[in-house]
Amino acid sequence: MTPALSRPRSASAPAPRLAARALVFRHGAREVLRGLSFEVAPGEIFGVLGPNGAGKSTLFSILTGLAAPESGELRLDAARVAFGARALRARLGVVFQDPSLDAKLTAEENLVLGAALFAVPRAEARARARALLERAGLADRAREPVARLSGGMRRRLELARAVIHRPSILVLDEPTSGLDAASFRATWEAIQALRREDGLTVILNTHRPDEAEQCDRLAVMAEGRIVACETPDALRARVAGDVVVVEAEDASGLAREVALRFQLPARAVGDAVVIEREEGHTLVPRLVEAFPPGRFRSVSVRRPTLADAFLEITGRGLETEEAP
Amino acid sequence: MTSPLRYDLATVDVLWRRDLTRFFRQPSRLAGALGQPVIFWLVIGSGMAATFRMPGSGVGYLQFFYPGVVLMVVLFAAIFTTVSVIEDRHAGFLQAVLAGPGSRAALVAGKSLGSASVALSQAALFLLLLPAAGFSPLQVRWPLLVSALALAALGLAALGFAVAWAVDNVQGYHAIQMTLLVPLWVVSGAMFPASPEHPVFAAVMRANPVAYAVSATRRALSGPDAPGALPGGPAVDLGVLALFAAAALGLAALAARRRGGTRGAWARCSPRSTPA
């Protein structure tokens, strides 16, 4: 089942900027990717949402030419390209999860070297570096070694370096992992600005629901497959009503009890029981009265998030590590 | 449309420039580059001076040992600049190069040239002590010296790159270098010449590329018949070194050729050998 391919597309729609078809990747006996397919439209922000171990990083390695799958194909603007082809690499801007700046060199030097890798003429590279430093709010730190910049500044610099050669596709691996709320916002403002002003197509991996909310469309990934591919709103709409979360000591035992007593689908996720239900607030007093005091640490009701949608679709939490 | 060659040249240029910029920006590395060999030269040199006499020549041990220490500088610099490849490839600047439009061969060439240039710069610092070792800089055959050291540095850097890429962990890398490259230096004639009474040792030396580099350095500093130089002449020395550099670069390109820059994916991404 390939949701991305079965999506109806009108004849006038532009060809996808990038399409992957039936990607299969094995690591020894383990199938990491089991026939993965998707299409990304020009100018789209496309997220791949899944927990650690779902195969997101392998997909990232394949797109950026660092690994080749056993089978499958890639198409760039409808033309087939070999995995890791130079024609593809030349059009990508890549932001890695691990730092890929030279910490001993200055911010400006990193940008100029990044441009030189793509054979951008020197004068143009300098002008572009100045403009990008300005845009990233790093103009006054341009001559400082990267080692002296904060984590958020470095991430913005990684982003600037990735687009200095004016790529048409930006590929990001967990772009905001480890960043605080302010840096998260700044990074996403920068990504949105790049898409708006340069028409960049953006593909990213993430396991953060708040990051997934920023995407136009999300591919939900579980066990090496894409099991759903929709807008964040459409995914959230799959969860009926509200989400009631009960934090307690023995979550799995409690989930069974709740399911039995209330005839409700209750799931244990980490040390909490998650119940999806219309009119969730009416359930809270009944729950609290049905169990002895002290059995719950907390009870809360909220609107569904993408993490709930992920749980609904895959039966797993986003924060859990997928077993190899 | 940019041509593949332009991307490759750009990649070589970036890596080369980067290594040199980093080296000259770190005063501690510059100080270490000069201090460590000087101490080694003086301590070992003076210790041996009392017992060692070069047969049939009046050369003192400190002077005899000096060309050997020049090569030691080149060797250690090549080892310590290529070890960075391991970290750099998984969590550093090389990630961007691997995903960039240059070829793997260009990556190998750029990194090897960068490391070799750092090694040469360190050797140049140590060569400031030529007069102290009793050599006149005016009589040094500079073209021979520079080409011999450049070829040796390039070969050793490429060999270091190949080991770093294949081993892919820092401890393993140092273990291999200490059992492979350091003994190459010890039996290169850097510390003592091959004696005709030990044919095995002499044969090992003849098969050792570092020995030709030491030999060429001796000839560059003391003339064609320098004490401790290998039989043959400077042309043989340079010829062997050129072959060594080419072979080491080929080996490094081979090591880096397989697709893969991520630790997990690298080992098992060879194409299918049997049809499904």
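Structure first, text after, so check above.
Remember, predicted model here, so these are calculated numbers, not experimental data. Residue positions within a chain follow its written sequence, with the count starting from 1. A letter from A marks each chain and a number from 1 marks each ligand, given out in the order of writing. Reporting of local features is limited, given that this is a predicted model, to residues whose pLDDT is at least 70; pairs of side-chain atoms are given and counted only at 80 or more, and all residues count toward the totals for whole chains, interfaces and linings. With hydrogens and water stripped out, all remaining heavy atoms of the structure feed into the side-chain values.

A.B. asks: Help me out: how do you make sense of the sheet that holds strand β7 (residues 169-173) of chain A in this one?
C.D. replies: What links the strands of a sheet is backbone hydrogen bonding, and the strands pair in either a parallel or an antiparallel sense. All names here are of chain A. Spatial ordering of the open sheet is given by β6-β7-β8-β3-β9-β10, a layout of six strands whose pairing is mixed. Two strands close off the open sheet at either side, each with one partner strand: β6 (92-95) and β10 (225-230). Adjacent strand axes in the sheet meet at a mean angle of 15° when their direction is disregarded. Examined bridge by bridge, β6 and β7 share four bridges and lie parallel to one another. Only strands joined by at least two bridges in the DSSP assignment are considered to pair. Numbered from the N terminus, helices here are DSSP runs of H or I no shorter than four residues, and strands are runs of E no shorter than two. Axis angles are defined between N-to-C directions and span 0 to 180 degrees, where every axis is a line fitted to C-alpha atoms and, for a helix, only to the segment in contact.

A.B. asks: Mind showing me how you'd approach the packing of aromatic side chains here?
C.D. replies: A ring pair, where both rings are aromatic, is described by two values, the distance of the centres and the angle of the planes. Only centres within 6.5 Å qualify two rings of Phe, Tyr or Trp (six-membered ring in Trp) as a pair; their planes then separate them into stacked at under 30 degrees, edge-to-face at over 60, and tilted for everything else. Counted under the stated rule, the structure contains 16 aromatic pairs over all chains. Where B:Tyr61 meets B:Phe65, the ring centres are 5.4 Å apart and the plane angle is 20°; that geometry is what we call stacked. Within this pair, B:Tyr61 and its partner B:Phe65 are both found in helix α3 (residues 61-82), separated by four residues, close to a single helical turn. With centroids separated by 5.8 Å and ring planes inclined at 45°, the aromatic side chains of B:Tyr66 and B:Phe135 adopt a geometry described as tilted. Of this pair, B:Tyr66 sits in helix α3 while B:Phe135 sits in the loop between α6 (104-127) and α7 (142-167), and the two are 69 residues apart along the sequence. When sorted by exposure, B:Tyr66 lands in the same class as B:Phe135, which is buried. Ring-pair connections join several aromatic residues into one group, and the members of that group are B:Phe40, B:Tyr61, B:Phe64, B:Phe65 and B:Trp185. The ring centre of A:Phe291 lies 4.5 Å from the NZ or CZ of A:Arg261, which sits over that ring. Two conditions define a charge located above a ring, namely a distance within 6 Å from the ring centre to NZ of Lys or CZ of Arg, and an angle within 35 degrees of the ring normal. One residue, B:Arg218, lies across the ring of B:Phe64, its end atom 3.9 Å from the ring centre. Any residue under 20% of the maximum accessible area for its type is buried, any over 50% is exposed, and the rest in between are partly exposed; the area is computed with a 1.4 Å probe on protein chains only.

A.B. asks: So what exactly am I meant to see when it comes to unusual backbone geometry here?
C.D. replies: For residues that are not glycine, phi is negative in most cases, and the peptide bond is trans in most cases. Residues and elements named next belong to chain A. Here Asp77, not a glycine, exhibits a phi torsion of approximately 50°, which is positive. The topology assignment puts Asp77 in the loop between β4 (71-76) and β5 (79-81). With a phi angle near 60°, Ala119 is a residue other than glycine that sits in the positive phi range. Looking at the secondary structure, you find Ala119 in the loop between α4 (107-117) and α5 (122-135). What makes Ala119 buried here is its relative accessible area of 12%.

A.B. asks: Sorry if this is basic, but what is going on with the interface of chain B and chain A here?
C.D. replies: Much of the literature gives interface size as the accessible area that the parts lose upon coming together. Any two residues whose heavy atoms approach within 4.5 Å are treated as being in contact. If you look at the interface, chain B gives 38 residues, while chain A gives 36 residues. Counting each side, the surface lost to burial between chain B and chain A is near 3300 Å², with a carbon and sulfur contribution of 58%. Within this document, salt bridges are pairs made up of a side-chain nitrogen of Lys or Arg and a carboxyl oxygen of Asp or Glu, the two lying within 4 Å of each other. Summed over the shared surface of chain B and chain A, the result is four salt bridges. Any N or O atom pair separated by 3.5 Å or less is treated as a polar contact, with the protein-specific requirement of one donor-capable and one acceptor-capable atom, and with residues adjacent in sequence counted only for side-chain atom pairs. Applying the counting criterion to the chain B and chain A interface returns eleven residue pairs in polar contact (both at pLDDT 80 or more). Elements represented by at least two residues in the side of chain B that touches chain A include exactly α1 (4-25), α4 (84-91), α5 (93-99) and α12 (263-266) of chain B. Per-element tally for the side of chain B that touches chain A: the top contributor is α1(B), with 13 residues. Counted by class, the side of chain B that touches chain A contains 13 nonpolar, 14 polar and eleven charged residues. Joining two parts hides part of their accessible area as seen by a 1.4 Å probe, and the buried area is that hidden amount summed over both. When residues are grouped by polarity, Ala, Val, Leu, Ile, Met, Phe, Trp, Tyr, Cys and Pro land in nonpolar, Asp, Glu, Lys and Arg in charged, and all others, Gly among them, in polar.

A.B. asks: Quick question: what am I supposed to make of the sheet that holds strand β12 (residues 266-269) of chain A here?
C.D. replies: Residues and elements named next belong to chain A. Spatially, four strands are ordered β12-β13-β11-β14 in an open sheet, and the strand pairing comes out antiparallel. Strands with a single pairing partner mark the edges of an open sheet, and in this sheet they are β12 and β14 (296-302). Here the strands of the sheet are splayed against their neighbours by 20° on average, with no regard to which way each runs. Strands in contact with helix α10 (residues 251-262) are β11 (242-248), β12, β13 (272-277) and β14; relative to β12, the strand with the most contacts, it is inclined by about 175°. Sheet strands touched by helix α11 (residues 280-290): β11, β13 and β14. Its angle to β14, the strand with the most contacts, is close to 165°.

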